[in-house]
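Each chain, written out:
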Amino acid sequence: MMIRAFFNKSLLRFGIIAGLICISSSPMALAKESITFTDVTKETGITFKHTDGSSGEFYIVEAVAAGLALFDYDNDGDIDIYFLNGSPLKGTKSKTAPKNALYRNDGNFKFTDVTEQSGLGDTGFGLGVTVGDYDNDGDVDVYLNNHGPNVLYSNNGDGTFTDVTKKAGVGDGDHVGAGTCFLDIDNDGDLDLYVARYVVFSYDKHKAIKIRDYLAYQGPNFYALPPDGLYRNNGDGSFTDISESSGIGEYNGSGMGIICADYDNDGDTDIFVANDNMENYLFQNDGSGKFEEVGLMAGVAYNFNGKQFASMGVDCGDYDNDGLLDFYVTSYVKQSTSLYKNIDDGLFEDVTSSAGAGDGTFASMTWGTGFADFDNDGDKDIFIATGHLQTNVEKFSEHMVYNTRNEVLMNTGDGKFVNITEKAGGGLKVELSSRGAGFDDLDNDGDIDVVILNTKSGPTILRNDTNNSNHWVQIHLKGTKSNRDGVGARVKVVTKDLSQIDEVHSGRGYQGHHGSRLYFGLGEHKKIDRIEIRWLGGGVDVLKDVKADQLITITEGENPEK
Amino acid sequence: MNTHSNHLQQFSQGPLEKRLCRFIIAFLAIAAFCISTSLAATEPEITPGQQANSIIEKQLSVIAEEVLQDFPQDIQLAKFAAEFYNQCERPDAAVAALEQALKYNPESYELCNRIAKTSFANGSYDKAITYWRKALAISPEKLDLNNNIAETYMALGKYAEAVTQLEKIIKKEKGEVFPALDYSKSYFLLGQGYLQLRQYEKAKEYLEKALVITPEHRMGHYQLSKTYMRLKNPEKAKEHMELYTKQKAETAERKEAWAKKRKTAVINNTADADRKVFSRTLTRLSARGSRLYLVSGKSQSSQELFNKAETTFQKAIAIDAGQSVLYRQFALLYVMTNRKLDRAQGLAKKAVELEPSAQNYLMLGRIYYQNSDRANALITIEKAIALEPGNPLYRRTYNKIKKGADK
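Because the structure is a prediction, the values reported are computed rather than measured. (Residues numbered from 1 in each chain as written. Chains lettered and ligands numbered in written order. Predicted model: local features only at pLDDT ≥ 70, side-chain atom pairs only at ≥ 80, totals over all residues. Heavy atoms only, no water.)

### Re the overall build of chain B
Secondary structure summary: chain B contains 20 helices and zero strands in total. Burial status across chain B gives 48% buried among its 407 residues. In chain B, once contacts between residues fewer than 6 apart in sequence are set aside, the share between residues at least 24 apart is 56%. For chain B, the accessible surface area stands at approximately 20,600 Å², while carbon and sulfur atoms represent 54% of it. (Helix = DSSP H or I, 4+ residues; strand = E, 2+ residues; numbered from the N terminus. Buried < 20%, exposed > 50% of the residue type's maximum accessible area, 1.4 Å probe, protein only. Contact = heavy atoms within 4.5 Å. Areas by Shrake-Rupley, 256 points an atom, 1.4 Å probe, with all protein chains shown as cover.)

Okay, structure coming up:
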């Protein structure tokens, strides 16, 4: 086991606050402080501006761009940022082709644009991205799910990347991309690849809708819907398209956000696809890499009263600490987001209203989302990126606007949420049209910060300035028998009365990636009684009596369960 | 003369007159907008359809605001205004218009129901419940409102409250059948509520009851399938899921066929469609508003509040310029007060132009006579007589003028 302790930059602040707060015996006692975010975008040096490639023709792909990825591309121990960008669509004139942008984290919220050096400046129309070590060589690779040909970038281990799409065979034709995930479908130790596809689009079939005689984006139902793609990793740097044989190819849909997770606790990874304006799909893995679509039976296809909605992003996490992974799905305006509580036996209950998990989301169009314990109190809160889809919505609607405020729902610890956006600091006052959002500890101070991609605008970087003395632990997994990133591994952290689980995902939220390391808030607990890692393939490692407030790297097989 | 100047002073200073001024200014603004937009053909972002819709929308907005201020108590007016506000996606304004009318008509079931519906559609669930409860108190026989209340409780995640609301009705008096209650919906909602409360046997009971009444209730099959899954009966779950899927596919086919038929028209003619909707609302709102102004103007005339009546008729004509009766009544006001007879003649001519009826000819004839134009008076009244030869009043008036009687 390798342990790396990170000194908290605000240790002094925490110490003072801790001295002032009356500590109670309950871990929840410290959870009442509001979560606070500060907009530090201007200080970061990030100058990226997203472009959607539009020229007034209202091509559907413009409206849904794009996701972002947070990952440590250079293995230096801090999280870097990768923004997707659009490219000029038919009829759009552009002097220089917009590129995706990679920003290296230099610490203290300072970033340097390393796009050129890294070779990650793809000029395709970026929609979805995921990150994973598909070749198990110890560094993370990047897969882009574009409108147009997709790209797989292999990390050379020296801060540069090489386009290996052709060799890997994952160009995926000429589709409109969406979310994408690396996952190990058959527990063979390497990462396979799921590629969501949105609609079948072509310029000649394109037609914008008119709302009150204003041109506007057409919904996905106007187009034919494609099946998604699944590629099996051959272990030699190449992949085989197994969409048909796996069962995935039987289902046409308007996939957007996706997440892969073992929702039924059977030791293999399943796939949740958030579909736009139709039922969501939940592909249950039989353990061999064959999938059955069970969304309807499981109760996640629709909302509680059976209404379909326009799903956008999806994340999973155990919000109520019952040992089962729940799903949270964002959606269209005048549709609440949805929280699907896992009630075991492969079944879910839509508890959005009773849990207050949709508070403040009805009036907004919601996109990027994530479960994250922003106040380190031992339960997962929810962040929701919002922004209208129609760029000209103000012209035909008097009560809707394009740029809106993002939302934060704080978990109150009793299975309920409260919308605290108003009280969540200046960072939540920013009004832009957000899409992808990622959640990671950018300054290694023990709390989770936020990065948001705003369409047709610069990003928003929010520093978590939540003022409390709660403890935490961050866990980074290193697979040896299973895949190198530990994608799909389940981690259980137990501290006295508090038991939490999480799983490593590659690809999540709205067509993006974040959270390669796992975050656990510990409340007042300074020590963790037990950390249990269940690796894909069945291996189990256990660590006992671990000090809090550190990032731990755990390597598979180094702490076998006795 | 003093009285007249007092009236004029009131006209320029009174609140009613101020509103009229605003009203006229607004209309001038619309006219200016029409001219400017027609000249601004080079502006690429605005299509002719958008221009036309924008004009009509602004016009509606001005009228709605004005008439609601003058007749806040009128239910019909509030309904039409709310319709317009909803069409413009201004639910808050719609609810405000309806709530204002409700202040004057606290026993209006219709207003309460409309406020609740608008609130529900826009996610204001607490408000929806409040007003559906009021509606139910006003019209207890409207038992279906219980379904609406229960549905709203569910949207709030208050499943126990939803179930209580429905159980009260279902079990009120055993054996008694309430014709006004959609039992299928009540049973379905009960089933759904119990499903969320994890009382699966009860959920099954009620969903099955709903399906006995309405076997084609697609969502009933869906929820029952979910219930059976929770009851660990996958066979039955599958059975109902298949029924659900089959019915869904059939519905989708029907929808697709309809959409194919409509698609081109809908996509290409949204401006026309919007304009039709706005025009219909404008017609209804204007007609109701002008009628109210007419009644009000007549009443003010009979109370000899002539200046007020003058303002009222002006407003009536401003919002509904196609109604001949407004011009005739306005002309009559001047005839009664024996002033502005030239204006009265113009108004009466306009009435005839809009509608060449006997009544309008008679009015115009009388004004010609009062303006000492005996020849035209006789010709005009002859036309009235030709249209209604049996009406003795026209003949009497004609004879009186012919004999050269005093005006």
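### Some thoughts on the overall build of chain A
Counting its secondary structure elements, chain A contains nine helices and 40 strands. Over its C-alpha atoms chain A spans a radius of gyration of 22 Å, differing by no more than 12% from the 24 Å that the globule rule assigns to 562 residues. With respect to the three principal axes, the spread of C-alpha positions in chain A is 65 × 55 × 50 Å. Burial statistics for chain A: of 562 residues in total, 66% are counted as buried. Taking as baseline every contact in chain A between residues at least 6 positions apart, the subset at least 24 positions apart corresponds to 62%. If you sum the accessible surface of chain A, you get close to 17,900 Å²; carbon and sulfur atoms cover 50% of it. Taking the average location of the 48 positive side-chain charges in chain A and that of its 87 negative ones, the two points are 5 Å from each other. (Rg over C-alpha atoms; globule rule 2.2 N^0.38 Å. Lys, Arg positive; Asp, Glu negative; His and termini not counted. Charge placed at Lys NZ, Arg CZ, Asp CG, Glu CD.)

### Re the domain arrangement of chain B
Domain assignment breaks chain B into domain 1 (48-252) and domain 2 (324-407). Centre-to-centre separation of domain 1 of chain B and domain 2 of chain B, based on C-alpha positions: 55 Å. (Domains from an automatic or database assignment.)

### Observations concerning the nonpolar core
Ranked by size, the top nonpolar core spans 114 residues in total, and within it Tyr85(B) and Leu285(B) carry the most contacts. Considering each element in turn, this core owes the most residues, eight residues, to helix α18 (residues 358-370) of chain B. Taken together, domain 1 (48-252) and domain 2 (324-407) of chain B each give at least three residues to this core, which thus spans both. Excluding anything up to four places from it in sequence, Tyr85(B) contacts Ala64(B), Glu65(B), Leu68(B), Arg90(B), Pro91(B), Ala93(B), Ala94(B) and Ala97(B). If you look at the next biggest cluster of nonpolar residues, it comprises 64 residues, including Phe161(A), Val176(A), Tyr217(A) and Leu453(A). (Core = buried A, V, L, I, M, F, W, Y, C linked by side-chain atoms within 4.5 Å.)

### Some words on the confidence of the model for chain A
Low-pLDDT portions of the prediction should not be read for the details of their coordinates. Per-residue pLDDT for chain A averages 93, and the proportion of residues at 70 or more is 94%. A low-confidence stretch, residues 1-31 of chain A (pLDDT under 50), is modelled with 65 contacts involving residues beyond four sequence positions or located in other chains. (pLDDT = per-residue confidence, 0-100.)

### So, helix α15 (residues 306-319) of chain B
All names here are of chain B. The end-to-end C-alpha distance of α15 is 20 Å, a good match for the 20 Å that 14 residues give at a rise of 1.5 Å each. In terms of burial, α15 is largely enclosed, as eleven of its 14 residues are buried. Phe306, Asn307, Ala309, Glu310, Thr311, Thr312, Phe313, Lys315, Ala316, Ile317 and Ile319 are the residues of α15 that are buried. (Expected span 1.5 Å × (residues − 1).)

### Structural notes on the environment of Pro88(A)
Residues and elements named next belong to chain A. Mapped onto the elements of the fold, Pro88 is located in the loop between β4 (80-83) and β5 (101-105). As for Pro88 and Pro98, which are separated by ten residues in sequence, their C-alpha atoms are 7.9 Å apart. In contact with Pro88, other than residues within four places in its own chain, are Gly53, Ser94 and Pro98.

### So, the sheet that holds strand β16 (residues 239-241) of chain A
Either a parallel or an antiparallel arrangement is found when strands of a sheet pair, and the pairing is made through backbone hydrogen bonds. All names here are of chain A. Spatial strand order, β11-β12-β15-β16: four strands in an open sheet with antiparallel pairing. Since the sheet does not close on itself, it has two edges, and those belong to β11 (177-183) and β16, each with one partner. Going across the sheet, the axis of each strand differs from the next one's by a mean of 20 degrees, ignoring polarity. Examined bridge by bridge, strand β12 (residues 192-197) and strand β15 (residues 229-233) share three bridges and lie antiparallel to one another. Residue Leu193 lies in a different strand from β15, and its bridge partner there is Tyr231. (Pairing = 2+ DSSP bridges. Axes fitted to C-alpha atoms, helices over the stretch in contact; angles between N-to-C directions.)

### Some words on α18(B)
Residue and element names in this part refer to chain B. In a regular helix each residue adds 1.5 Å, so 13 residues correspond to 18 Å; α18 covers 18 Å between its end C-alpha atoms and thus fits that length. Within α18, ten of the 13 residues are buried, leaving the element largely enclosed by the surrounding structure. When α18 is considered as a whole, its buried residues turn out to be Ala358, Asn360, Tyr361, Leu362, Met363, Leu364, Gly365, Ile367, Tyr368 and Tyr369. After α18 finishes, the residue Ser372 shows a positive phi value of roughly 65 degrees.

### Description of unusual backbone geometry
In the segment running from Ala65(A) into Ala66(A), the intervening peptide bond is cis, with an omega of 5 degrees. Its place among the elements puts Ala66(A) in the loop between α3 (60-63) and β3 (68-71). Of note, the phi angle at Asn376(A) is positive, near 50 degrees, even though the residue is not glycine. With respect to the helices and strands, the residue Asn376(A) is situated in the loop between β25 (366-372) and β26 (381-386). One non-glycine residue, Asn338(B), lies in positive phi territory at about 55 degrees. Assignment of secondary structure puts Asn338(B) in the loop between α16 (324-337) and α17 (341-354).

### Quick word on the sheet that holds strand β20 (residues 291-293) of chain A
All names here are of chain A. What the four strands build is an open sheet, ordered β17-β18-β19-β20; its pairing is antiparallel. Pairing within the sheet leaves two strands with one partner each, and these edge strands are β17 (255-261) and β20. The sheet shows a mean angle of 20 degrees between the axes of neighbouring strands, taken without regard to direction. The pairing of strand β19 (residues 281-285) with β20 spans three bridges and is antiparallel. Counted as the bridge partner of Phe283 is Glu293 from β20.

### Examining the packing of helix α3 (residues 48-70) of chain B against helix α4 (residues 75-87) of chain B
Residue and element names in this part refer to chain B. Contact geometry of α3 with α4 gives a least axis separation of 10 Å together with a crossing angle of 150 degrees. Both α3 and α4 take part in a crossing whose hand is left-handed. Of α4, the residues touching α3 (which contributes Glu57, Leu60, Ser61, Ala64, Glu65, Val67 and Leu68) are Leu77, Ala78, Ala81, Phe84 and Tyr85. The residue inventory of the contact of α3 with α4, partitioned by class, reads nine nonpolar, one polar and two charged. (Left-handed = near helix turned anticlockwise from the far one by under 90°. Nonpolar A, V, L, I, M, F, W, Y, C, P; charged D, E, K, R; others polar.)

### What to know about the environment of Glu151(B)
Residues and elements named next belong to chain B. Inspection of the secondary structure puts Glu151 in helix α8 (residues 144-155). Along the chain, Glu151 and Gly193 lie 42 residues apart, while their C-alpha atoms are 9.1 Å from each other. In this structure Glu151 touches Phe120, Lys185 and Leu189, once residues within four positions along its chain are discounted. Among the polar contacts made by the side chain of Glu151, one reaches the side chain of Lys185 at a distance of 3.1 Å. (Polar contact = N/O pair within 3.5 Å; in protein donor to acceptor, adjacent residues only side chain to side chain.)

### Description of the side chain of Glu62(A)
All names here are of chain A. Looking at where Glu62 falls in the secondary structure, it is placed in helix α3. This buried residue, Glu62, is left without a salt bridge; Lys456 holds the nearest opposite charge, at 6.4 Å. Reaching out from Glu62, the side chain makes a polar contact with the side chain of Tyr217 at a distance of 2.6 Å. Once you skip the residues sitting within four places of it in the chain, Glu62 turns out to touch Asp52, Gly53, Ser54, Ser55, Leu89, Phe125, Tyr217 and Thr455. (Salt bridge = Lys/Arg side-chain N within 4 Å of Asp/Glu carboxyl O.)

### Observations concerning the interface of chain B and chain A
Every contact between the two is made by 47 residues of chain B and, on the other side, 34 residues of chain A. Between chain B and chain A lies a buried interface of about 3,400 Å² when both sides are counted; carbon and sulfur atoms form 47% of it. Here chain B is connected to chain A by three salt bridges. The closest approach of N and O atoms between Lys232(B) and Asp345(A), which form a salt bridge, is 2.5 Å. For the interface between chain B and chain A, the tally reads twelve residue pairs in polar contact (both at pLDDT 80 or more). Of all elements in the fold, only α3, α8, α10 (183-196), α12 (218-230), α13 (234-268) and α14 (270-302) of chain B reach the threshold of two or more residues within the side of chain B that touches chain A. Residue composition of the side of chain B that touches chain A, by class: 20 nonpolar, 15 polar and twelve charged. (Buried area = accessible area lost by both parts, 1.4 Å probe.)

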